[in-house]
Amino acid sequence: MPSEEVCDGASAEDEAKKGPDVPFLLEERVKEKVSWKDVLRKKVGKKCSCSSARVKALLVDSIPIVKWLPRYQFKDWIIGDAMSGLIVGILLVPQSIAYSLLAEQDPIYGLYTSFFASIIYALLGTSRHISVGMFGVLCLLVGQVVDRELTLAGYPSGTNQTTLGNVVNGTGPICDRSCYAVTVAATLTFTAGVYQVLMGLLQVGFVSVYLSDSLLSGFATGASLTILTSQIKYFLGLHLPRVQGWGSLLKTWISLFRNLGHTNLCDLVTSVICLLVLVPTKELNDRFKAKLKAPIPFELFVVIAATLASHFGRFEETYGSDVAGNIPTGFMPPQLPNWSLIPNIAVDAFSIAIVGFAITVSLSEMFAKKHGYIVDPNQEMYAIGFCNIIPSFFRCFTTSAALTKTLVKESTGCQTQLSGLVTALVLLLVLLVVAPAFYSLQKCVLAVIIVVNLRGALRKFGDIPHMWRVNRVDAIIWLITMATSALVNTELGLLVGVLVSAFCVLGRTQSAQVRQLGQAGDRELFEDLASYKGLQSQPGVAVFRYEAPIYYANQALFKKSLSRSVGLDPLKEKARRRKLDKQRNQKQDGEDQKREMDASTDVHLLQHNSLHTLVIDCGPVLFLDTAGVNALKEVCKEYKGLGVDVLLARCNPSVIDSLRRGGYYDPKKGSKEIQFHTLSDAVSHAQSLKSQNGDCDTVV
C-alpha cells in the first residue's frame, strides 16, 4: 500500500488557496438522435431501390466473374491458370473416385460433384486461388448420414439389390440400395446448401470468426482418425457394416480385430504396395515442390497401374476383390430431392453447412491475405451454397474448399478462377470418354489414396508440444475437439469445440485480477507493481487496474479482487467496527479489556491511515452491463463510508454512457461527474482535494 504522507500546515494552506486540481477535459460531440423508424426506412429504401446502377451493382456483387473477367490479363495469366487447372483436374480424377467411396456413393457421382463445383465456384466465388470440391471430413459426414438412412430404410449393408418394394425415391420408380444412397446424399446436399444461402441472405458470414484455427484443426484431425479407421476394412478386403452412433471409432477397431481372419490377401498385398509407392513419392513432391513446376501426379499413375493389373490379373473373379464397377459416361437427367427425407436429415445438414462454410471461408481468407486481395464472407456463403444446391439436382454430394488441391493450384501459377473452368474441362473429358476404363480398379486402392491424403492432418499430433508451449488454451481446445470428434461423435466434436472455446473466453474474464499500479518517475506511465521494478506508489492514493469488462458473470469477482488488493474489505471492516462498538457499550467490560480493544483497533487502523482515494483505471474495461454499473456504485458507496473516495479514470465513451444511464453519477447523492482521461489527472485531483482539507492523514 502507499506509504504514509505527512504534510505541514503551511503547504496545506497554500494548496487550499489554489483550489482543487482541475483535470483536462475533452469536449464531447453532440450525437444526433435518429429514430429507429428513420433508420429502418433508410435501410429498406437502400435495399429495395430499383435503378440501372443498383441492378448493375447487384449483378456484379452476386456474380463476381462479371467484374474480373473483362479485366483479365490474358498474356500474363492464361499460362498459369491453364497449367494449374490441368494439374488439379488430373489429380481430381482419382481423388473424386476415392472420396465417393467415403461418402457411400458410386464413383461416377464423385466425378459429377467435382465437375459442377468447379464451374459454379468459378462464377460465384470471390477467392482467386481456392479449389472447391470434395473434402474428406464432409464426405465422412455425408457417408454417416447415408449409411444411417439406408439402415433405417431396411437395406442390408453392402448389397445393391432391390430388396424392398416400398422404398421410393420420391420422384420416380422403386430404387435399389445405390439409388436410395444417391437420393439421401443429394437431399442432404440440397438442404445444406439452402442453409448456407439463407445464412448469406441474413448476412451472418461473421460467424466464421467464432471458429478458431485450433478448433477447426482439432476437428479436422479427429475426423481424419475416423476416416482412417473407416478405410481399414478396404485395406483388408473385409465386408463390414459402418458402425453408427457414439464411440464408432473404437467399435470399428474392435470389429476389425474380430474379423482379421477373413482378410482378403489380394487386397492386403495391393494396399501395402500402393502405400509403399504413394507415401515416399508424395513426400518427394512435398520436398521438391519449390523446384518442380508442377507436382507429379503419382496418384493417377498408381490408379492406372492398379486398374491394368486388376483387369489382366482378373482379381475380382479369381480373388474376390471389390472393384469400382461400372462407371457410366455422360450425364443423368436431373431429379428433385426427396422432400420426405428432409426432416430426418435437417440437423445433420446444418452441421455440414457450418463445417463446409467455415473451411471455405478460412482457406479463402488465408490465401487472400497472402496475395493481397479481399474476399467477401457473405458472397462465399452464397457461392458454396449454390455449389451444393444446383449439383444436388444432378445427384452430387456436399462440397467445400480443399486445402491440398488449393495448395497445388497456388504452386502451379493460378491467378484467377479461370483455372477452375479448365479443371472442369478435364473432368468433362473423363466423364464423357474415360470413366468406364476404371471398372476393374480395386476399392482398396481408393482407400489408400484417401489415407495418404490424410498425412497433413495426422501430422498435427507432432505439433502438440509446440502448441502447448505457444498457447496452452489453444492446445486444450485442440485436444478436446480432436478427442471428442474421434472418440465420441464427429458432429458433436464441432459443437463441443465451440462451447469449450466460448468457456475459455469467459474463463479469461473470470480469472482477471485487480492489479495495483505504480508510476514510472515523473512520466504519465503507470504499470503493475508486481511486474516491474522502480515504480513508485502515490502517497494517500492507490491506483488499481482491472483488465476485463465488468459484467454480471464477474462483477462479484471484481469486488472481491479489489478488496483483496486494497487490503481492506469494507463490509468486514464495518462489521468489525459494529462489533467493537457493541463490546464497548457492554457494562460488564472492565477498564483493562477496553484498553486492550482500543489498542488492537489502533494497530489495525494504522495499516490504512494514509489511504484517502482509490483510483480505478478503466482503460481495459471494454464495456459495463447493469450488474457492472451496480458493482461500481456499491464499491464507491462502501469505500465512501470508510472515508475513501473512488475515482474512475480512462473510461471509454461506451463505459461513460453506461455509467450515466445506470445512475452512477448522481448529484443528489454527491457523486458528481468528473472525467479523467489520464491516471495522472486523477491522482493530482485526489491529492489536491485532500490538501484542501489541511490534513493529509485520513483515518479509515
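Residues numbered from 1 in each chain as written. Predicted model: local features only at pLDDT ≥ 70, side-chain atom pairs only at ≥ 80, totals over all residues. Heavy atoms only, no water.

*Asks:* Is there a simple way to think about the overall build of the protein chain in this case?
*Replies:* Counting its regular elements, the protein chain contains 28 helices and 7 strands. Looking at the 700 residues of the protein chain, the share that counts as buried comes to 48%. Once local pairs closer than 6 in sequence are excluded, the contacts in the protein chain between residues at least 24 apart make up 82%. By element, 61% of the accessible surface of the protein chain is carried by carbon and sulfur atoms, the whole surface being about 35,100 Å². (Helix = DSSP H or I, 4+ residues; strand = E, 2+ residues; numbered from the N terminus. Buried < 20%, exposed > 50% of the residue type's maximum accessible area, 1.4 Å probe, protein only. Contact = heavy atoms within 4.5 Å. Areas by Shrake-Rupley, 256 points an atom, 1.4 Å probe, with all protein chains shown as cover.)

*Asks:* I would appreciate a short explanation of the environment of L69 in the present structure.
*Replies:* Here L69 lies in the loop between helix 4 (65–68) and helix 5 (74–102). Put simply, L69 and Q417 are 348 residues apart on the chain and 9.5 Å apart in space, counted from C-alpha to C-alpha.

*Asks:* Would you take a moment to explain the pairing of strand 7 (residues 645–649) for this structure?
*Replies:* Consecutive side chains along a regular strand alternate between the two faces of the sheet. In terms of burial, strand 7 is a largely internal element, 4 of the 5 residues being buried. For the handedness criterion, the β-α-β arrangement of strand 6 (residues 613–617), helix 26 (residues 626–640) and strand 7 is classed as right-handed. (Right-handed = clockwise from strand over helix to strand, strands pointing away.)

*Asks:* Help me out: how do you make sense of the packing of aromatic side chains in this one?
*Replies:* Any pair of aromatic rings gets described here by the distance separating the centres and the angle formed by the planes. What the rule picks out here adds up to 20 aromatic pairs. Between F116 and F331, the aromatic rings sit 5.9 Å apart at their centres with planes inclined by 65 degrees, giving edge-to-face as the arrangement. Of the two residues, F116 is situated in helix 6 (residues 107–124) and F331 in the loop between helix 13 (315–319) and helix 14 (342–371); the sequence distance between them amounts to 215 residues. Judged by relative accessible area, F116 falls into the buried class, the value being 12%. Between the aromatic rings of Y195 and F350, the centroid separation amounts to 5.5 Å while the plane-to-plane angle is 90 degrees, which identifies the pairing as edge-to-face. Highlighted residues: Y195 in helix 8 (residues 177–201) and F350 in helix 14, separated in sequence by 155 residues. Here Y195 falls in the partly exposed class, since its relative accessible area comes to 23%. Among the aromatic residues, those joined into a cluster by ring pairs are Y109, Y112, F115, F116, F331 and F394. Lying over the aromatic face of Y373, R128 brings its terminal NZ or CZ to 4.4 Å of the ring centre. (Phe/Tyr/Trp six-rings, centres within 6.5 Å; stacked < 30°, edge-to-face > 60°. Lys NZ or Arg CZ within 6 Å of the ring centre and 35° of its normal.)

*Asks:* What is the right way to read the pattern of salt bridges from this model?
*Replies:* Two side chains of opposite charge can pair, provided their charged atoms sit close to one another. For the structure shown, the criterion picks out 15 salt bridges. Among the ionic pairs, D286 bridges to R455, the shortest N-O distance being 3.4 Å. A residue pair is termed long-range when its members are at least 10 positions apart, and D286 in helix 11 (residues 265–287) and R455 in helix 19 (residues 455–458) qualify at 169 residues. Note that E527 is salt-bridged to R545, the shortest N-O span being 3.6 Å. Linking E527 in strand 4 (residues 526–528) with R545 in strand 5 (residues 541–546), this pair joins segments that are 18 residues apart in sequence. (Salt bridge = Lys/Arg side-chain N within 4 Å of Asp/Glu carboxyl O.)

*Asks:* Sorry, what's going on with a nonpolar patch on the surface here?
*Replies:* Among the surface-exposed residues, F331, L429, L432, V433 and V434 lie close enough to one another that they form a single nonpolar patch of about 440 Å² accessible area. Here V433 lies in helix 17 (residues 418–434). (Patch = residues over 30% accessible without salt bridge, like charges linked within 9 Å, V, L, I, M, F, W, Y side chains within 5 Å.)

*Asks:* Before we go on, may I ask you to explain the environment of Q675 in this structure?
*Replies:* Mapped onto the fold, Q675 is located in the loop between helix 27 (653–661) and helix 28 (679–692). For Q675, the contacting residues outside a window of four places in its chain are P23, F24, L25, E28, I656 and R660.

*Asks:* What am I meant to see in the pairing of strand 6 here?
*Replies:* Among the 5 residues of strand 6, 5 are classified as buried, and the element is accordingly described as predominantly covered. Examined bridge by bridge, strand 6 and strand 7 share 5 bridges and lie parallel to one another. Paired with L614 across the bridge in strand 7 is V646. (Pairing = 2+ DSSP bridges.)

*Asks:* What is the right way to read unusual backbone geometry from this model?
*Replies:* Trans peptide bonds make up the majority, and among non-glycine residues the majority have a negative phi. For E104, which is not glycine, the phi dihedral falls at a positive 65 degrees. Note that E104 resides in the loop between helix 5 and helix 6. Judged by its relative accessible area of 16%, E104 falls in the buried class. A positive phi is found at R314, a non-glycine position, where the angle reads about 50 degrees. Mapped onto the elements of the fold, R314 is located in the loop between helix 12 (298–313) and helix 13.

*Asks:* I'm lost on the sheet that holds strand 5 in this one. Help?
*Replies:* Taken in spatial order, the 5 strands line up as 4-3-5-6-7 in an open sheet, and their pairing is mixed. Two strands close off the open sheet at either side, each with one partner strand: strand 4 and strand 7. For this sheet, the mean angle separating the axes of adjacent strands, direction not counted, is 35 degrees. Note: strand 3 (residues 514–519) against strand 5, 4 bridges, orientation antiparallel. Directly across from R515, in strand 5, lies its bridge partner R545. (Axes fitted to C-alpha atoms, helices over the stretch in contact; angles between N-to-C directions.)

*Asks:* I keep staring at helix 17 and nothing clicks. Help me out?
*Replies:* Along an α-helix, residues three or four apart share an orientation, since each turn contains 3.6 residues. If you check helix 17, its first and last C-alpha atoms are 23 Å apart, about what 17 residues at 1.5 Å a residue would give, namely 24 Å. Buried residues along helix 17 sit in contact with helix 4, helix 5, helix 6 and helix 16 (403–411). (Expected span 1.5 Å × (residues − 1).)

*Asks:* I'm lost on the side chain of T229 in this one. Help?
*Replies:* Tracing the backbone through its elements, the reader meets T229 in helix 9 (residues 213–236). Not counting residues up to four positions away in its chain, the partners in contact with T229 are L249, T252, W253 and L256.

*Asks:* Help me understand the nonpolar core in this model?
*Replies:* Core analysis: the largest hydrophobic core is formed by 103 residues, its most contacted members being L111, V142, F397 and L441. Per-element accounting of this core gives the leading share, 12 residues, to helix 14. A512, V514, Y546 and L614 belong to the second largest nonpolar core, which has 31 residues in total. (Core = buried A, V, L, I, M, F, W, Y, C linked by side-chain atoms within 4.5 Å.)

*Asks:* Help me understand the packing of helix 9 against helix 10 (residues 248–258), please; the structure alone is not making it clear to me.
*Replies:* Two quantities define a packed helix pair, namely the angle between the axes and the distance from one axis to the other. In contact at an axis separation of 10 Å, helix 9 and helix 10 are set at 20 degrees when each is read in the N-to-C sense. Between helix 9 and helix 10, the interaxial angle falls into the category roughly parallel. Crossing geometry of helix 9 relative to helix 10 is assigned as left-handed. Here L225, T226, T229, I232 and K233 of helix 9 come into contact with helix 10, specifically with L249, T252, W253 and L256. (Parallel < 35°, antiparallel > 145°, perpendicular 65-115°, else oblique. Left-handed = near helix turned anticlockwise from the far one by under 90°.)

*Asks:* Honestly, the confidence of the model for the protein chain in this entry has me stumped. Any pointers?
*Replies:* Reading predicted coordinates in detail is not appropriate for stretches of low pLDDT. When pLDDT is averaged along the protein chain, the result is 82; 87% of the residues meet or exceed 70. Within the model, pLDDT remains below 50 along residues 1–17, and this stretch shows 32 contacts once partners closer than five positions in the same chain are excluded. A low-confidence stretch, residues 596–608 (pLDDT under 50), is modelled with 20 contacts involving residues beyond four sequence positions or located in other chains. (pLDDT = per-residue confidence, 0-100.)

*Asks:* In this structure, what is going on with the state of the cysteines? I would like to understand it.
*Replies:* The bond known as a disulfide is covalent and runs between the sulfur atoms of two cysteines. Within this structure, the stated rule accounts for 0 disulfides. Cysteine C444 is unpaired, with the sulfur of C274 as its nearest cysteine sulfur at 6.4 Å. When its relative accessible area of 1% is taken as the criterion, C444 is described as buried. (Disulfide = S-S within 2.5 Å.)

*Asks:* So what exactly am I meant to see when it comes to the environment of G413 here?
*Replies:* Relative to the helices and strands, G413 resides in the loop between helix 16 and helix 17. Looking at G413, the relative accessible area reads 25%, which means it is partly exposed. If we ignore the near neighbours within four places in the chain, the residues touching G413 are G80 and D81.

*Asks:* Help me out: how do you make sense of the packing of helix 9 against helix 22 (residues 490–510) in this one?
*Replies:* At a closest axis distance of 10 Å, the pairing of helix 9 and helix 22 adopts a crossing angle of 160 degrees. What the angle tells us is that helix 9 and helix 22 run roughly antiparallel. Between helix 9 and helix 22 lies a crossing whose hand is right-handed. Facing L215, F219, A223 and T226 of helix 9, the residues of helix 22 in contact are T490, G493, L494, G497, V498 and S501. Counted by class, the contact of helix 9 with helix 22 contains 5 nonpolar, 5 polar and no charged residues. (Nonpolar A, V, L, I, M, F, W, Y, C, P; charged D, E, K, R; others polar.)

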